[in-house]
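Architecture at a glance
Here is what each chain is made of, one letter per residue.
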Amino acid sequence: VSSVAAAHLNLTTLLVDQQGAAIDQLGSEAAVLLTPAHQFPVGVPLSARRRAEVVEWARDAGAIVIEDDYDGEFRYDRHPLGALQALAPDRIVYAGTASKTLAPGLRLGWLVVPSALSDAVVSAKTLADRNSSAIDQLTLAEFIRSGAYDRHVRRSRLSYRRRRDRLLAALERRAPHVRVSGIAAGLHALVELPATWSEEDVVARASARGLAVAGLGSYAHGPHQQHRAALVVGYAKPPEHAFTGALARLLAVLAEGEG
Ligand SMILES: Cc1ncc(COP(=O)(O)O)c(C=O)c1O
């Protein structure tokens, strides 16, 4: 949202439901940014029907779809989702990143762009930062070529899956009044709070215990501000030795109830 605002583009927002972003709300926009594999922050995948709808919309409107695949490497269920980009390579920009698999500080990612856009994208990137570090890019390329990146992603997937399962089991046992969703992929879960609880209070109490969990409301934009009270809980950040303690503090906050 801040990048769109900084580029002085008009921003409209879409409602998100259990099928992902409401594609039927799109009209004459020039582009739409989606996270089809794992909607951020709610965590639902874009349904097959909506995937078809957005391709149809982009073709009819002559518009561009940006597919932000920010955590697609971490899928835990048995149904790998193909990239939306494959459905319309002439209309869809695919964006991947090393921010979740390696480190956000690396500042490396990749784009697959429709050929009609490639010159414009190269020139915008050159103007933005005269291109990313060649040494970092060559190192990443070697990491991928050698197979070590793939092994790292597989190892990390297993480790994050274990953390996710520990989080789910602990919440089921100690905080049965919350509902967890968005867990088939990625590095965060949506923890829905009972309707009478205040999201702000729970976030403040978590913060007082040194936990940086965000409220769902902090991601809401535009007229679709109405949302369920929920926490967006990232489980990948704490180092291994700190995870058990962080989980215990989260459980203490949620077990306290309304505060
Ligand atoms: C929705 C979403 N898109 C993209 C990214 C990655 O952005 P970047 O590659 O600029 O670090 C993130 C965070 O890692 C994210 O949450």
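The present account deals with the structure reproduced in this document. Think of each chain on its own: its residues are numbered from 1, step by step along the sequence as written. Predicted model: local features are reported for residues with pLDDT of at least 70 only, side-chain atom pairs are reported and counted for 80 or more only, and whole-chain, interface and lining totals are derived from all residues. Values shown for side chains rest on all heavy atoms present in the structure; no hydrogens or waters enter the calculation.

**What about the nonpolar core?**
Think of a nonpolar core as a cluster: buried Ala, Val, Leu, Ile, Met, Phe, Trp, Tyr and Cys residues, connected wherever their side-chain atoms sit within 4.5 Å. For every residue, the accessible area obtained with a 1.4 Å probe (protein chains only) is divided by the maximum for its type, and the residue is called buried under 20%, exposed over 50%, and partly exposed between those limits. One finds Leu167, Leu171, Leu193, Leu231 and Leu254 to be the most contacted residues of the largest nonpolar core, which totals 29 residues. A total of 7 residues in this core trace back to one element, the largest contributor, which is helix H7 (residues 240-255). Residue contacts follow a heavy-atom distance rule, with two residues in contact if any of their heavy atoms lie within 4.5 Å. Setting aside anything within four residues of it in sequence, one finds Leu231 in contact with Ala189, Leu190, Val191, Leu193, Val202, Val203, Val213, Ala214, Leu250 and Leu254. Residues Ala21, Leu26, Ala58 and Leu84 belong to the second largest nonpolar core, which totals 15 residues. A run of H or I in DSSP becomes a helix once it reaches four residues, and a run of E becomes a strand once it reaches two; helices and strands are each numbered from the N terminus.

**Let's talk about the sheet that holds strand S5 (residues 92-97)**
Note on pairing: DSSP must find at least two bridges between two strands before they are called paired. Spatially, the 4 strands line up as an open sheet ordered S3-S4-S5-S6, and their pairing is mixed. Of all the strands in the sheet, just strand S3 (31-34) and strand S6 (109-112) have a single pairing partner and so form its edges. Geometrically, the sheet is characterised by an average inter-axis angle of 15° between neighbouring strands, direction not taken into account. To get an axis, a line is fitted to the C-alpha atoms, and for a helix only the part in contact is used. The angle between two axes follows their N-to-C directions and goes from 0 to 180 degrees.

**A look at the packing of helix H5 (residues 148-174) against H7**
At a closest axis distance of 10 Å, the pairing of H5 and H7 adopts a crossing angle of 25°. In terms of axis orientation, H5 runs roughly parallel to H7. H5 and H7 meet at a crossing whose hand is right-handed. Residues Ser159, Arg163, Arg166, Leu167, Ala170, Leu171 and Arg174 of H5 form the contact with H7, whose participating residues are Glu240, Phe243, Thr244, Leu247, Leu250, Leu251, Ala252, Leu254 and Ala255. When residues are sorted by character, Ala, Val, Leu, Ile, Met, Phe, Trp, Tyr, Cys and Pro go into the nonpolar class, Asp, Glu, Lys and Arg into the charged class, and all the rest, Gly among them, into the polar class. Grouping the constituent residues of the contact of H5 with H7 by class yields 10 nonpolar, 2 polar and 4 charged. Under this scheme an angle from 65 to 115 degrees is roughly perpendicular, one under 35 degrees roughly parallel, and one over 145 degrees roughly antiparallel; angles in between are oblique. Crossing chirality is assigned from the near helix's rotation relative to the far helix, an anticlockwise turn below a right angle marking it left-handed and a clockwise turn marking it right-handed.

**Considering the site of the ligand**
What surrounds the ligand is the set Phe40, Asp68, Tyr70, Thr97, Ser99, Lys100 and Arg107. Residue Asp68 places a side-chain N or O atom 2.5 Å away from a nitrogen atom belonging to the ligand. For the purposes of these results, a polar contact is taken to be a pair of N or O atoms within 3.5 Å, where, inside protein, one atom must be able to donate a hydrogen and its partner to accept one; residues adjacent in sequence count only when each atom of the pair is a side-chain atom. Separating an oxygen atom of the ligand from a side-chain N or O atom of Thr97 is a distance of 2.6 Å. When the free accessible area of the ligand is taken as 400 Å², the share hidden by the protein chains comes to 65%. Per-class residue counts for the shell around the ligand are 2 nonpolar, 2 polar and 3 charged. What makes a residue near a molecule or strand is one non-hydrogen atom of that residue sitting within 4 Å of it. Residue-level accessible areas treat just the shown protein chains as cover; the underlying method is Shrake-Rupley with a 1.4 Å probe.

**Topic: the packing of aromatic side chains**
Only Phe, Tyr and Trp rings are paired, with Trp represented by its six-membered ring, and only when their centres lie within 6.5 Å; those with planes under 30 degrees apart are stacked, over 60 edge-to-face, the remainder tilted. On inspection of all chains with the given rule, the structure shows 4 aromatic pairs. With 5.5 Å between their ring centres and 85° between their planes, Phe40 and Tyr70 make a pair best called edge-to-face. Of this pair, Phe40 sits in the loop between S3 and helix H2 (48-61) while Tyr70 sits in the loop between strand S4 (64-69) and S5, and the two are 30 residues apart along the sequence. With a relative accessible area of 32%, Phe40 lands in the partly exposed category. Given a relative accessible area of 8%, Tyr70 falls into the buried group. Taking the centre distance of 5.2 Å and the plane angle of 90° together, the rings of Phe40 and Tyr219 count as edge-to-face. Taken together, the positions of Phe40 in the loop between S3 and H2 and Tyr219 in the loop between strand S9 (214-215) and strand S10 (230-234) put the pair 179 residues apart, joining distant regions of the chain. Tyr219 gets classed as partly exposed once you look at its relative accessible area, which sits at 31%. Members of the aromatic cluster, connected to one another through ring pairs, are Phe40, Tyr70 and Tyr219.

**Looking at the sheet that holds S9**
If you trace the 4 strands from one edge of the open sheet to the other, you get S7-S8-S10-S9, paired in antiparallel fashion. In the strand order of this sheet, the two ends are held by strand S7 (179-181) and S9, each with one partner.

**Thoughts on unusual backbone geometry**
Apart from glycine, the bulk of residues carry a negative phi angle, and the bulk of peptide bonds sit in the trans form. Put simply, Phe40 and Pro41 share a cis peptide bond, and its omega is 10°. Along the chain, the position of Pro41 falls in the loop between S3 and H2. One non-glycine residue with positive phi stands out, namely Arg130, at about 55°. Residue placement: Arg130 occurs in the loop between helix H3 (115-129) and helix H4 (134-145).

**Focus: H7**
Multiplying one less than the number of residues by 1.5 Å gives the expected span of a helix. For H7, which comprises 16 residues, the first-to-last C-alpha distance of 23 Å matches the rise-based estimate of 22 Å (1.5 Å per residue) to within 8%. Those residues of H7 that fall on the buried side of the exposure criterion are Phe243, Ala246, Leu247, Leu250, Leu251, Val253 and Leu254. End-on view of H7: buried residues confined to an arc of 155°, all on one side of the axis. Taken together, the buried residues of H7 touch H5, strand S8 (188-192), helix H6 (199-208) and S10. Directly beyond the C-terminal end of H7, a positive phi value near 80° is found at Gly257. Relevant arc is that of directions from the helix axis to the C-beta atoms, nothing else.

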